[in-house]
Amino acid sequence: MARTSDSPLVNSVFVERWSPRAFSDAPVGDDQLAALFEAARWAPSWMNNQPWLFLYETDGPDRADFEAIISDFNKPWSVAAPVIGLIASRPGLEGFMARTAEFDTGAAMMSFTHQATMLGLHVHLMGGIELDLAYDKTGLDRDETNILCAFALGHMGDPTALPEKLQAKETASDRMPVSSFAFKGLNADPRPAS
Ligand SMILES: Cc1cc2nc3c(=O)[nH]c(=O)nc-3n(C[C@H](O)[C@H](O)[C@H](O)COP(=O)(O)O)c2cc1C
């Protein structure tokens, strides 16, 4: 489906961003990667603690380990992406601000993702990872670090190259209306049961 905005003022980047599974093997340039991390760098965080941590690989020596961390559910499509990464928060660095470490890290990931859209790239997040293996392979400390997600990054590829049952899903999804989640005043209507 083609996405439409209910507000004429919203920037097109917000509706143009979506999460495809078909990636081409066209590489992501170092300058593009630098722009994405620069966008993440400027995200807000409580007391400017900047608790995010990105680990990524392209075609370097750690590629096979990154692919191994992806769950079998996500592996069939995501290993085609030229960049695979992990995103973690570092609540251990934050003291009392640990409460919002994931919130801040999400903001950085969204900045990264929107910058990707602006460069004609796509990001697909994957909560489906082998978490124990991710800690094992990265050596990150579970008490200091919260591995949240993996991501695939690259240029959109040919959807007909996907396994058949994924081809049907290869379309940008819709959203609930703003009226279902934004309320003026202190009283929110409960979210309707779906
Ligand atoms: C925290 C998080 C985890 C996700 N995990 C997966 C995943 O494991 N596999 C997958 O195919 N998509 C995953 N997604 C992508 C969502 O399914 C997708 O963002 C959502 O359906 C909305 O679609 P859109 O991004 O195309 O707008 C994840 C997204 C988020 C934010």
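Everything below is about the structure shown above.
Below you will find a few notes about this structure. If you're wondering where the values come from, they're calculated on a predicted model, not measured in any experiment.

Cut-offs used in this document
- Residues numbered from 1 in each chain as written.
- Predicted model: local features only at pLDDT ≥ 70, side-chain atom pairs only at ≥ 80, totals over all residues.
- Heavy atoms only, no water.
- Helix = DSSP H or I, 4+ residues; strand = E, 2+ residues; numbered from the N terminus.
- Contact = heavy atoms within 4.5 Å.
- Polar contact = N/O pair within 3.5 Å; in protein donor to acceptor, adjacent residues only side chain to side chain.
- Near = heavy atom within 4 Å.
- Areas by Shrake-Rupley, 256 points an atom, 1.4 Å probe, with all protein chains shown as cover.
- Nonpolar A, V, L, I, M, F, W, Y, C, P; charged D, E, K, R; others polar.
- Salt bridge = Lys/Arg side-chain N within 4 Å of Asp/Glu carboxyl O.
- Buried < 20%, exposed > 50% of the residue type's maximum accessible area, 1.4 Å probe, protein only.

### A word on the environment of Arg 63
Within the secondary structure layout, Arg 63 lies in helix H3 (residues 63-69). Separated by 16 residues in sequence, Arg 63 and Val 79 have C-alpha atoms that sit 9.4 Å apart. Ignoring sequence-local partners within four residues, the contact set of Arg 63 consists of Glu 57, Thr 58, Val 79, Ala 81, Pro 82, Val 83 and Ile 84. Polar side-chain contacts of Arg 63 include one of 3.1 Å to the backbone oxygen of Thr 58.

### Brief notes about the site of the ligand
Near the ligand, the surroundings consist of 16 residues, among which Arg 3, Ser 19, Asn 74, Gly 127 and Arg 175 are the closest. Here His 124 contributes a side-chain N or O atom positioned 2.8 Å from a nitrogen atom of the ligand. Here Arg 175 contributes a side-chain N or O atom positioned 2.8 Å from an oxygen atom of the ligand. With the chains in place, 62% of the 620 Å² that the ligand exposes on its own is no longer accessible. Broken down by element, the residue count for the shell around the ligand peaks at 3 residues, all from strand S3 (residues 122-126). Tallied by class, residues from the shell around the ligand come to 6 nonpolar, 6 polar and 4 charged.

### Re the pattern of salt bridges
The final tally for this structure, using the stated rule, is 5 salt bridges. One salt bridge connects Glu 38 with Arg 41, and the closest N-O pair in it is separated by 2.8 Å. In this pair, Glu 38 and Arg 41 both sit in helix H2 (residues 30-41), 3 residues apart, roughly one turn of the helix. Between Lys 137 and Asp 65 there is a salt bridge, with its nearest N and O atoms 3.1 Å apart. On the criterion of sequence distance, the pair formed by Lys 137 in helix H6 (residues 131-138) and Asp 65 in helix H3 is long-range, its members being 72 residues apart. Lys 137 gets classed as partly exposed once you look at its relative accessible area, which sits at 42%. On the accessibility criterion, Asp 65 (31% relative accessible area) is partly exposed.

### Some remarks on the environment of Asn 74
Looking at the element boundaries, Asn 74 is found in the loop between H3 and helix H4 (75-78). According to the relative accessible area criterion, Asn 74 is buried, its value standing at 6%. Counting along the chain gives 38 residues from Asn 74 to Phe 112, while the straight-line C-alpha distance between them is 21 Å. If we skip the residues at most four places from it in the chain, Asn 74 touches Met 126 and Gly 128.

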